[in-house]
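One-letter residues, chain by chain:
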Amino acid sequence: ADGDLLFNVNSDIRFNPRAAEQPEWQNEDNEEFLPTGETSIDSYPNWLKFHIGINRYELYSRHNPAIEALLQDLVSQKITSVAMKSGGTQLKLIMTFQNYGQALFKPMKQTREQETPPDFFYFSDYERHNAEIAAFHLDRQVKWICIKRKVEILILDFRRVPPVAGRLVNMTREIRDVTRDKKLWRTFFISPANNICFYGECSYYCSTEHALCGKPDQIEGSLAAFLPDLSLAKRKTWRNPWRRSYHKRKKAEWEVDPDYCEEVKQTPPYDSGTRILDIMDMTVFDFLMGNMDRHHYETFEKFGNETFIIHLDNGRGFGKYSHDELSILVPLNQCCRIRKSTYLRLQLLAKEEYKLSLLMKESLLKDKIAPILYQPHLEAMDRRLRIVLKAVSDCIEKDGYDNVVENDFNTDVNTVTTER
């Protein structure tokens, strides 16, 4: 239905990518640039195909060919301008491409083998570029070859993370020489080892001591495709009910009140619809990655409360493979609710022939800067998956299957209903 689409597209209307009048899209010549002209949707740039495919239930459909093409664009399109993203604690860059698409660049700060230092608080942890890439693959699907027949196996099959790809960027040619951001440009220097470095401006880790240095001027990073501009598709920001205190000593209410979920379930939008189940999906997603930094989440305003949660900003996942942060699972333990489609998928991924770590490893090999995850991180996901299934099993034993597992399948056609 038209009401389920983020945009109702008339293919006869020409799209101007600068309609949102973003500063980084300004052109001194004020020349007209209409990438599509009066042609069909097929000729739209892939970032625009991604945007017009967003609907009430997912960011992109399971077989949308524009997503693979967009991932290729993220690693191959010419970068025409770069600016620092305002806000946030760590340096992120907004990169604009020749086709007017945009992506958020998170530079490499840690090697694959490094773990988060044990004395770091979750709110001062590094944001990892490879965590952003791995989160996208965990959230979506892969193809898996099973002996003589090709079988499509889904990983979590949520499709709630915007497309992300890894890219090697030339810091001189693709950042310093194309930026008009003087504050960024001024932080470039040549290190004693003769490498190009920069540090930008932010509240954490933006100093000479924490500079990002190339080898000699190549740097790895993740590029996450932008969602539609807020002037075209407003998003609502929600405080996560299970938000941490972000304080060195204080605890959040959910950490001290075992009945906290009962209070949440009486509060809109968690008192009706599917939002509480969306929170449970996000909880599983974050626990598998070890992501403690989910303070807020966003939804598209157009769809009201009956829509999915966008899984944005996953850079603090995959920090520790030697530790499972059980507090991330508290929402599931307290609420004892999960979608049947999610539960069945988790059970499948626990089977030896469809092992989560193997599927993730296979999927991540497609990325240009593979390997993305250190092997112990992949093994940690299998271990955490068993913990999730044990938590659901304990809930079922306590409350009964029908009270825990929400049937989101349409029994007539044996498919997941659109209430996902």
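Residues numbered from 1 in each chain as written. Predicted model: local features only at pLDDT ≥ 70, side-chain atom pairs only at ≥ 80, totals over all residues. Heavy atoms only, no water.

S.K.: Describe the side chain of Ser 327, listing the residues and the values that go with them.
M.R.: Positionally, Ser 327 belongs in the loop between strand S12 (296-300) and helix H9 (330-335). Ser 327 gets classed as buried once you look at its relative accessible area, which sits at 18%. A polar side-chain atom of Ser 327 sits 2.8 Å from a polar atom in the side chain of Arg 244. Setting aside residues up to four positions removed in sequence, Ser 327 forms contacts with Arg 244 and Trp 254. (Helix = DSSP H or I, 4+ residues; strand = E, 2+ residues; numbered from the N terminus. Buried < 20%, exposed > 50% of the residue type's maximum accessible area, 1.4 Å probe, protein only. Polar contact = N/O pair within 3.5 Å; in protein donor to acceptor, adjacent residues only side chain to side chain. Contact = heavy atoms within 4.5 Å.)

S.K.: Give a detailed account of empty space enclosed by the protein, specifying residues and quantitative values.
M.R.: Tallying each qualifying case throughout the model produces three cavities of 30 Å³ or more. One number sums up the size of the largest cavity: a volume of about 170 Å³. Lining the largest cavity we find 16 residues, and of these Asn 240, Trp 242, Asp 286, Arg 294 and Ile 328 sit closest to its centre. A total of four residues in the lining of the largest cavity trace back to one element, the largest contributor, which is helix H8 (residues 275-289). Along the lines of polarity and charge, the residues of the lining of the largest cavity split into seven nonpolar, four polar and five charged. Put simply, the second largest cavity is a space of about 60 Å³. For the second largest cavity, the full set of lining residues is Trp 47, Leu 70, Asp 73, Leu 74, Phe 97, Asn 99, Gly 101, Gln 102, Ala 225 and Phe 226. For the lining of the second largest cavity, the element with the highest residue contribution is helix H2 (residues 65-76), accounting for three residues. (1 Å grid on protein atoms, 1.4 Å probe; cavity = no way out; pocket = protein on both sides within 12 Å on 5 of 7 lines; lining within 4 Å. Points joined across faces, edges and corners; volume = space filled by probe spheres on them. Nonpolar A, V, L, I, M, F, W, Y, C, P; charged D, E, K, R; others polar.)

S.K.: I'd like a description of the layout of surface pockets, backed by residues and values.
M.R.: By volume, the second largest pocket is sized at about 370 Å³. Met 108, Lys 109, Gln 110, Cys 213 and Ile 219 are the residues nearest the centre of the second largest pocket, which is lined by 17 residues in total. Breaking the lining of the second largest pocket down by element, the ones donating at least two residues are strand S9 (212-213) and strand S10 (218-225). A total of three residues in the lining of the second largest pocket trace back to one element, the largest contributor, which is S10. The residue makeup of the lining of the second largest pocket, split by class, is eight nonpolar, six polar and three charged.

S.K.: If you had to explain the UniProt feature "binding site: ATP" (unreviewed entry) in the protein chain to someone new, which residues and values would you point to?
M.R.: The positions that UniProt labels "binding site: ATP" (unreviewed entry) are, in the present scheme, Gln 90, Lys 106, Glu 127, Ala 224, Ala 225, Phe 226, Leu 227, Glu 298 and Asp 313. If you take the residues mentioned a moment ago, the ones lining the second largest cavity come down to Ala 225 and Phe 226. With respect to the helices and strands, the residue Glu 127 is situated in the loop between strand S3 (102-107) and helix H3 (129-139). Excluding its chain neighbours within four sequence positions, the residues that come into contact with Glu 127 are Thr 89, Gln 90, Lys 92, Lys 106, Lys 109, Asp 313, Gly 315 and Arg 316. For Ala 225, the position within the fold is in strand S10. Aside from chain neighbours lying at most four places away, what touches Ala 225 is Phe 50, Leu 70, Leu 74, Gln 102, Ala 103, Pro 162 and Pro 163. (UniProt positions renumbered as here; feature names shortened; annotations may be inferred.)

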